[in-house]
Amino acid sequence: MLQIPVIRQNPEIVKERLAHKYFKQPELIDELLLWDDKRKQLQTERDNLQSEVNKASKEIGMLMAKGNIDAANMLKQNVATWKEAMNNTALDEAAAKVQAILYQLPNLPAADVPTGRTPEENEVVRTFGDIPHLMTGALCHWDILKNYALADLELGTKITGSGFPVYTGQGAKFQRALIQYFLDFNTAAGYKEFIPPFMVNTDSAFGTGQLPDKEGQMYYASADDLYLIPTAEVPVTNIYRDVIVKPEQLPIKMTAWSPCFRREAGSYGKDVRGFNRVHQFEKVEIIQITHPENSYDVLQQMVEHVEALIQSLGLPYRILKLCGGDMGFASAITYDFEVYSAAQQRWLEVSSVSNFETFQSNRMKCRFKDDAGKMQLVHTLNGSSLALPRIYAAILENYQQQDGIHLPAVLHPYFGSTIIK
RNA sequence: GGAGACUUGUCCGAGUGGUUGAAGGAGCACGCCUGGAAAGUGUGUAUAUGGGAAACUGUAUCGAGGGUUCGAAUCCCUCAGUCUCCGCCA
């Protein structure tokens, strides 16, 4: 959520920045400021009346104590008039209007976010690694899953519905090995491990920016008014909702494994085959809460961290800096990581690392007291480190040989074998 | 799921309708004292928001939301949470 004082200072710059995200209603900025002016004016009027009421009430108390009932009753009549004047809904309406507009405004993209509207306009920051030459007859992961009985998508469809894979036997163990490896890699870099709840309440979903407006992307348990998490980012970041942190605690580094549930309504076709897009997948997330001055250094550090993890798996990858039009609602800047699947001959997104600056912390009211004693919002960042099914798929596809999947060395101790046969 | 007790500031804890944003204590910060420390002692110590250059000041906040009243931390209602006992359960 944007901060009104920031908008007020530079409404034109805010509009210009929003244009980079192809925000369609720049006029909302002016409307917002008008409503906020109105809100302030009405608030002041109401406060002044309340002040009169408070003063009179004290006086009434003293008059009553002295037994001066008549004078007290006179004052009571005044109070009744003031309360009459306070009894109008214009203030509530103005405040609601301000809030409604504020909720619709996405975060401003950072200065160096590339201009562009579609994924094709994302900027390739760098590409790394050699694309493997696969054996003749190399298969895509959905066939490999079947041949080695690693996962059963049809079975998941029977039990739940399409997009809910069942991992079986060594396929399940391989998933577990990846999770374990990722978590160890993250904790070794100083991230504290959490296992959060996999359902969140509306306050939490609001805090990280899933609500309002994105209800449709989350599974919702109406009987209890809870949402299945689309990512561990939601519960873990919300650990610090309504918290005033001590500056010396920063940066706070957290990591968590979780299943992720995404409705992903309206996606069909071969791009979503196999593991490419599913409704339930697992992911290990890294999250940092930082001093505003450091967040861009931390962003680089997180990018390098994810990069090192992908490199350790020996997968060819590229890093994209998303253009304004392709970025998420809450993000100020996002780097996407894609690994290359040689069998599918396409890039698969496996991580997304973002700086949200104060967008989430303003919603969550996560602050610290700076050296001058002033409350300031922290910056929040997060990234996948890593998302499972596509990494899983890329390993199967890129490492397949006649006799099985020859796993990258870092996974051997976790999987307890060098090969999936 | 049933019954009961409870929910006050960083923490402990007083407070059952009238200068209570909230006693007292602890903690913390700064000062005095000290050769240094401890002890002692003085002052300060919430958040949001409006006005103001600032000093300062208006308003709101005692789990949340509503109500009664001239006036609510205190009375009433609803909800949430915590604890204890019972039930159920991996």
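Located above this text is the structure these notes cover.
Residues numbered from 1 in each chain as written. Chains lettered and ligands numbered in written order. Predicted model: local features only at pLDDT ≥ 70, side-chain atom pairs only at ≥ 80, totals over all residues. Heavy atoms only, no water.

Novice: An account of the environment of Ile244 is requested, with residue identities and associated values reported.
Specialist: Counting through the fold element by element, Ile244 comes out in strand β8 (residues 244-245). Classification of Ile244 as partly exposed rests on a relative accessible area of 47%. Measuring from C-alpha to C-alpha, the distance between Ile244 and Phe368 comes to 5.2 Å, with 124 residues separating the pair along the chain. In contact with Ile244, not counting residues within four places along its chain, are Arg367, Phe368 and Met375. (Helix = DSSP H or I, 4+ residues; strand = E, 2+ residues; numbered from the N terminus. Buried < 20%, exposed > 50% of the residue type's maximum accessible area, 1.4 Å probe, protein only. Contact = heavy atoms within 4.5 Å.)

Novice: Now, about the sheet that holds strand β18 (residues 404-406): what can you tell me, with residues and values included?
Specialist: Here we have three strands laid out as an open sheet, ordered β17-β18-β19, and antiparallel in their pairing. If you trace the sheet from one side to the other, it starts and ends with β17 (400-401) and β19 (419-420), each paired once. One ladder, built from two bridges, connects β18 with β19; its direction is antiparallel. By the bridge assignment for β19, His406 is matched with Ile419. (Pairing = 2+ DSSP bridges.)

Novice: Outline the nonpolar core, listing residues and values.
Specialist: With 53 residues, the main nonpolar core has Phe182, Ile391 and Ile395 as its most contacted residues. Setting aside its immediate chain neighbours within four residues, Phe182 contacts Val284, Leu309, Leu313, Ser385, Leu386, Leu388 and Ile391. Membership of the second largest hydrophobic core comes to 20 residues, among which are Ile29, Leu32, Leu33 and Phe356. (Core = buried A, V, L, I, M, F, W, Y, C linked by side-chain atoms within 4.5 Å.)

Novice: Give me the lowdown on unusual backbone geometry, citing residues and values where you can.
Specialist: Leu250 connects to Pro251 through a cis peptide bond whose omega is -5°. Examined against the element boundaries, Pro251 turns out to sit in the loop between β8 and β9 (252-261). Along the chain, Ser385 connects to Leu386 via a cis peptide bond; the corresponding omega equals 5°. Among the structural elements, Leu386 can be located in strand β16 (residues 379-387). Positive phi outside glycine occurs at Asp242, with the angle close to 55°. Backbone geometry places Gln345, a non-glycine residue, at a positive phi of 55°. By the secondary structure assignment, Gln345 is in the loop between β12 (333-341) and β13 (346-357).

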